[in-house]
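For reference, the chains in residue letters:
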Amino acid sequence: MLNIDKETFKSDYIQKFIEIHGKDLEEGTDYNKYEALASLIRDYVAKMWIDTNKRYKENKSKQVYYFSMEFLLGRLLGSNLLNLGINDLCREGLNELGIDLTKLEYLEEDQGLGNGGLGRLAACFLDSMASLGISGHGCGIRYKHGFFNQKIINFSQVEVPDDWLKRGNLWEIKKSDKARIVKFGGEVKVEYIDGNLKFHHVNYEKVQAVPYDMPIVGYKNNVVNTLRLWSAEPLSNEFDFSSFNRGDFKKAMEYKDSVEAISQVLYPDDSFYEGKLLRLKQEYFFVSAGIQSIIHHFKSTGGNIKELDEKIAIHMNDTHPTLAVPELMRILVDEEGIGWDNAWRMTNNIMSYTNHTILAEALEKWPVDMFKKLLPRIFMIIQEIDRRFCEGLRNKYPGQWDKINKMQIINGGFVKMANLAIVGSHSVNGVAKLHTEILKKQEMSDFYYCYPNKFNNKTNGITHRRWLMIANPQLTELLKKTIGDSFITHPTDMINFQKFAKDSGVQEELKRIKNRNKKKLADYIYKVQGIRVDEESMFDVQVKRLHAYKRQTLNCIRIMDLYNRLLDNPNLDIVPRTFIFAGKSAPGYYLAKDIITLINTVANKINNDNRVNKKIKVVFMENYRVSLAETIIPAADLSEQISTTTKEASGTSNMKFMMNGAVTIATLDGANVEIRDEVGDDNIVIFGLTEREVLNYYKNGGYNSQKLINNDDRIKKIINSLIDGTYSKDTNKFKSIYQNLVTYNDEFFVIKDFYSYLEAQKKVDDLYRNTSRWQEMCAVNIAHSGIFSSDRTIKEYATGIWGSKCMYENLQ
Ligand SMILES: *Cc1c(COP(=O)(O)O)cnc(C)c1O
C-alpha cells in the first residue's frame, strides 16, 4: 500500500504538472490535468513494480503467463487509485486544488483491446492475480486500433475506427531493448549431424516484436505484475529505407506496411472464426514473441532450462494462443537441444487451455496450405506431435478410424486448433459447470474418454473491485456499514449481508442507492441520446454483444407484443418499464446488424407514440464498452440473461448485475445455473427450454417454428409486422430476421420460448410491485455474489491448474 499523505500528494502533483506541461496548473486543460495525474500515479507504481520483480527473482517463485489475444481493460486510473489505496486521498487533494477527480477519470480512453466477455475475463483475471499476490502476467497484442467504436446512424450500426492511442497511453512503457524477432515464411532445410536431424529455417521474413509493458497493480498489497503487449515493427536493417532506388523504396514500404499490419487492428468477431492469413500471423506473432521472452528471462535470471516446467506455467485463453505449444517445442528442441520426449513432457506440464464456446462457427481451423507456407517449421512440429498422438490412438482404439480421424490434429486439409490445445496441455477447462459437462459429454467426449483427468471446470468470475467498489461506491459503503469491510479481501463474506435482506431500513437504503444510480443513468441517456426516460420505471437491461444465440430478438419481439397489447388496451395494468439495450455486432454479421436496426426502429416508434410512451420506452445505447457497462449495470433493476440454453458458455455480465443488486430473468444456461443454485428459485426468474430439451431437438429434430407461428394469431401478428410495413416502409428491411425465425426454422428457439418468457416477465411485474419483496431479492443476490468474484476463480486456477502460490494470505 502506498504510503503518502495528502499534502505530499498535492505538491507531487503540482510538481508533475509543471514538469510535463511546462506551465502552471491554472493554465492547464482538463486533459492536461488528467495526464499529470496518470503520470504521477505511474511514478508511484514504478518503484513497487521494480520491487515486485526483484522479489519474484529472489523467491524464484513460479511465474504464470496468461496468453490472450484480448485484454479488455477499460479505464485504468480509477482502478489504479483504488488498488494503491489512495483514491480518497487523491480525490480530496485534487478537490483542494479545485479539480474534480471524476471529471478527469472520464477523460481517459477505454483500453478496448477485446471484443467482449473473453477479453474482459482476461482483464478481471489480471486484477485478481495481482490482488492475490500471484506472480501472474498477461501476454497479448498492442493493437493500434482496438474494438471499433459504434455509432447508430439512421437506426443502424456504423463502425468507426478506435484510435485509442491518438493522445498516447500513459500507462505503458515501451521496452525497445527487449524486442524479439519473429520469423515468417521461408523454408526448412534438414541436415544430419552425428546421427541427429538438424532443422534450419532459412529465407524467412523477419518481423520485430516490440513489447509495451503495463503495470497491473494489486489491491493494497505492494504487488505490481506486468501486462506485456507486443507491437509489430519493421526492422530498419531489413531494407535500406534511404535508398534512392525506386524499386527498393517501394519494396521497403511494402515490407513496412505488411509488418505493421500485424498489430494494426483487433478482429471484431466474437465467438466466430475467420480463416484469414493475417489473423494466423497475429496469433503466431504474439505467441512466439511471448515465449521467446519468457525463456530469455528465465535463462538470464539463472534458471536451468531442464527445470523450466517447475518454474513457469502458460495459460491459453481459448485456442487463439495454441501455437504456444509447437513454438515452445521448437525452442526446446531446435534451440535448446532437448530431446523430443523430454521437451514434450515439459511442454505438457507447462501448458493449460480454457475452452470458451461450443459454437461450431467459433472452432478455429487453418487450411494446411496456408499454414505450411506461413509457418513451415511450426507445421512440421505439429505434424510430428500429431503423428505420435495418432500412433497412441491406434494402439488404444485399434480399427476405430472414425474416432481417430475426429481426434487427429491435422485432418481433412486443416490444422485443428482445439485438438492441438487439448493434446498439448495437461489441463482443459470449461467456464461454468454446465458448459464443462457439455464439453465432456458432447463436444469433446472423445478427448474426455481418452484423458478424463485433463478436464475440469473453472466457473468464470468478475473482479468485485471494478464491478462493485468502483462502479457502485454507494452500495460498497452500505455493505461496509452493515457487514464490515472483510468482503473486500474475502468477497464470499458478502454472504453476511443475507441477514439484512428483510431489514426494512436496509431495503430502503438499497432502493435509494438504486434510484440514485438510475437517475445518473437517466441523465446520461438524456445527455447523449436526447431521450427522457422515467426514472421511476423499472430499468430492464440487456447489454452484451449482439448474437443470434443471445436472443436480443426474443427481448425485442416481446416489446413489440407489449406495444400491440397497450394499443389494444391503453389501461393494461403493467409496471412501467424502460428497456435498455447496448451491444456491438461484428461488422460482417448481417443478421445481428439487422437486429440492432430493428431495436432502434421499434424504439423510435414507441418513444414517439404518446399512447404508450408514458408506460414504456426503449433505449439502445451507443458504443457498449467497459466504461459504459460501469454506468449501466449499477442502475439496472432487471438483468436479461436469455440465451438459448446450452449456447452461452458462462456469461459474466450476469454476475456483474447480481453483484449490483439486479434481479435476473434467465434461461438455465451457463453460469445462470450456478447463480440460481446460489440464490434459490425464489430470488431469480427462470424460463425456457431445458438443456435436455434443446439437445434433444438438435439431435432428433421435431421443432417446427412455422407451425407454431401459423397456429397463434398473437405471434403471427408480431412476426408479420417485421415485413408488413408496420415498422418500416421498406418491407425488406427486416426480412432476414423474419426468414431466420420462419423460413430457417428458428435455430435458437425464440418462438418456442416466447410464451414461457412472457410468463416470466409477468412474474417479474408481480414481484416488482411488492417493493419489499423485490428489495429482499436484490439483497439476496448481492449477498450471494461473492462467490462470483474472480478472486475465487483465480484461486482455483492457481491451485488446480498452475500449481502456483498466492502470497495473499500472509500479506494480510
Ligand atoms: C462483461 C462484459 C461483456 C460480457 O457480457 P456477457 O453478457 O456475459 O456476454 C461484454 N462486454 C463488456 C464491455 C463487458 O463489460
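Right, let's walk through the structure included here. Keep in mind the model is a prediction, meaning the values are calculated, not measured.

Next up on the list: the overall build of the protein. Tallying secondary structure elements over the protein gives 34 helices and 25 strands in all. Taken over C-alpha atoms, the radius of gyration comes to 27 Å for the protein, in line with the 28 Å a tight globule of 812 residues would show. Here the protein holds 812 residues, and 60% of them are scored as buried. A separation of at least 24 residues holds for 77% of the contacts in the protein among residues at least 6 apart in sequence. By element, 48% of the accessible surface of the protein is carried by carbon and sulfur atoms, the whole surface being about 32200 Å².

Remark: the centre distance and the inter-plane angle together describe each pair of aromatic rings, the angle taken between the planes. Counting across every chain of the model gives 21 aromatic pairs. Between Phe371 and Phe379 the ring centres are 6.0 Å apart and the planes differ by 55°, which places this aromatic pair in the tilted class. Considered together, Phe371 and Phe379 belong to a single accessibility category, that of buried residues. An aromatic cluster is defined as three or more aromatic residues linked by ring pairs; in this entry it consists of Tyr66, Phe125, Tyr797 and Trp802. The ring of Phe414 carries Lys365 above its face, with NZ or CZ at 4.6 Å from the centroid. Between the NZ or CZ atom of Lys454 and the centre of the ring of Tyr451, over which it lies, the distance is 3.9 Å.

Across the sheet, 3 strands lie side by side as E15-E17-E16; this open sheet has antiparallel pairing. Only two strands of the sheet have a single partner each, and these edge strands are strand E15 (365-367) and strand E16 (410-411). The pairing of E15 with strand E17 (residues 414-416) spans 3 bridges and is antiparallel. By the bridge assignment for E17, Lys365 is matched with Lys416. Contacts from helix H15 (residues 417-424) reach E15 and E17 within the one sheet, and its direction differs from that of E17 by about 45°.

Before going further, it helps to examine the pairing of strand E14 (residues 351-354). Burial along E14 is two-sided: the residues Met351 and Tyr353 and Ser352 and Thr354 are all buried. Strand direction decides the pairing type here: strand E13 (residues 312-317) and E14, joined by 4 bridges, are parallel. Among the inter-strand pairings, Ile314 is bridged to a residue of E14, identified as Met351.

Now for the side chain of Asp127. Assignment of secondary structure puts Asp127 in helix H6 (residues 117-131). Within the structure, Asp127 has its side chain in polar contact with the side chain of Asn83 (distance 3.0 Å). Residues contacting Asp127, with those up to four places away along its chain left out, are Asn83, Ile216, Val217, Thr463 and Arg465.

Position of Ser721 among the secondary structure elements: in the loop between helix H29 (713-720) and helix H30 (735-741). In the structure, Ser721 is positioned 10 residues away from Thr731 in sequence and 9.2 Å away in space, judged by C-alpha atoms. Other than its neighbours up to four places away in sequence, Ser721 contacts Met560, Thr726 and Tyr727. Of note is the side chain of Ser721, whose polar atom sits 2.6 Å from the backbone oxygen of Ile718.

Turning next to the pattern of salt bridges. Where side chains of opposite charge bring their charged atoms close, a pairing between them can arise. All told, the structure shown has 58 salt bridges when counted by the stated rule. Note that Asp637 is salt-bridged to Lys518, the shortest N-O span being 2.7 Å. With Asp637 in the loop between helix H24 (626-632) and strand E23 (638-641) and Lys518 in helix H21 (residues 504-529), this pair connects stretches of sequence that are 119 residues apart. For Asp637, a relative accessible area of 4% gives the class buried. For Lys518, a relative accessible area of 1% corresponds to the buried category. One network of salt bridges, in which partners are shared, links Lys6, Glu7, Lys10, Glu92 and Glu96.

Because each turn of an α-helix spans 3.6 residues, side chains separated by three or four positions in sequence point in the same direction. Those residues of helix H11 (residues 340-350) that fall on the buried side of the exposure criterion are Trp340, Ala343, Met346, Thr347, Asn348 and Ile350. On the buried face of H11, the contacting elements are helix H9 (308-311), E13, helix H10 (324-335), E14, helix H13 (376-396) and H15.

So, about the sheet that holds strand E20 (residues 538-543). Strand pairing in a sheet takes place through backbone hydrogen bonds and is either antiparallel or parallel in direction. What the 6 strands build is an open sheet, ordered E22-E21-E20-E23-E24-E25; its pairing is parallel. Both edges of this open sheet fall to strand E22 (616-621) and strand E25 (685-686), since each of them pairs with a single strand only. Summarising the sheet, E20 and E23 pair through 2 bridges and their orientation is parallel. Across the sheet, the residue bridging to Asp540 is Leu638, located in E23. Those strands touched by H21 are E20, strand E21 (577-582) and E22, and its axis lies near 70° from that of E22.

Glancing now at the site of the ligand. Inspection of the region around the ligand gives 14 residues, with Lys544, Lys550, Thr652, Ser653 and Lys656 positioned closest. Burial of the ligand by the surrounding chains reaches 96%, relative to a free accessible area of 390 Å². Looking at the shell around the ligand residue by residue, the class counts come to 5 nonpolar, 5 polar and 4 charged.

Reading guide: rules and limits
Sequence order as written defines residue numbering, which begins from 1 separately in each chain. Only residues with pLDDT of 70 or above have their local features reported here, since the model is predicted, and side-chain atom pairs are shown and tallied only from 80 upward, although totals for entire chains, interfaces and linings are computed over all residues. As a rule here, side-chain values cover all heavy atoms of the structure and leave hydrogens and water aside. Helix and strand labels come from DSSP, where a helix needs a run of H or I of at least four residues and a strand needs a run of E of at least two; each type is numbered from the N terminus. Radius of gyration: C-alpha atoms only; globule rule: 2.2 Å multiplied by the number of residues to the exponent 0.38. Note on exposure labels: buried denotes an accessible area under 20% of the residue type's maximum, exposed denotes more than 50%, and partly exposed covers the range between, all computed with a 1.4 Å probe on protein chains only. Pairs of residues are marked as contacts when any of their non-hydrogen atoms sit within 4.5 Å. Residue burial considers only the protein chains on display, and all accessible areas are found by Shrake-Rupley using a 1.4 Å probe. To pair, rings of Phe, Tyr and Trp, with the six-membered ring standing in for Trp, must have centres within 6.5 Å; the planes then decide the type, stacked if under 30 degrees apart, edge-to-face if over 60, and tilted in the middle. Two thresholds decide whether a charge sits over a ring: the Lys NZ or Arg CZ must be within 6 Å of the ring centre and within 35 degrees of the ring normal. Strand pairing is assigned whenever DSSP identifies at least 2 bridges connecting the two strands. An axis is simply a line fitted to the C-alpha atoms; with a helix, the fit covers only the stretch in contact. Between two such axes, the angle follows the N-to-C directions and lies from 0 to 180 degrees. Polar contacts, as used here, are pairs of N or O atoms within 3.5 Å; protein pairs need one atom able to donate a hydrogen and one able to accept it. Residues neighboring in sequence count only if both atoms are side-chain atoms. Whenever a carboxyl oxygen of Asp or Glu lies within 4 Å of a side-chain nitrogen of Lys or Arg, that contact is scored as a salt bridge. Being near a molecule or strand, for a residue, comes down to having at least one heavy atom within 4 Å of it. Each residue gets one of three labels, nonpolar for Ala, Val, Leu, Ile, Met, Phe, Trp, Tyr, Cys and Pro, charged for Asp, Glu, Lys and Arg, and polar for the others, Gly among them.

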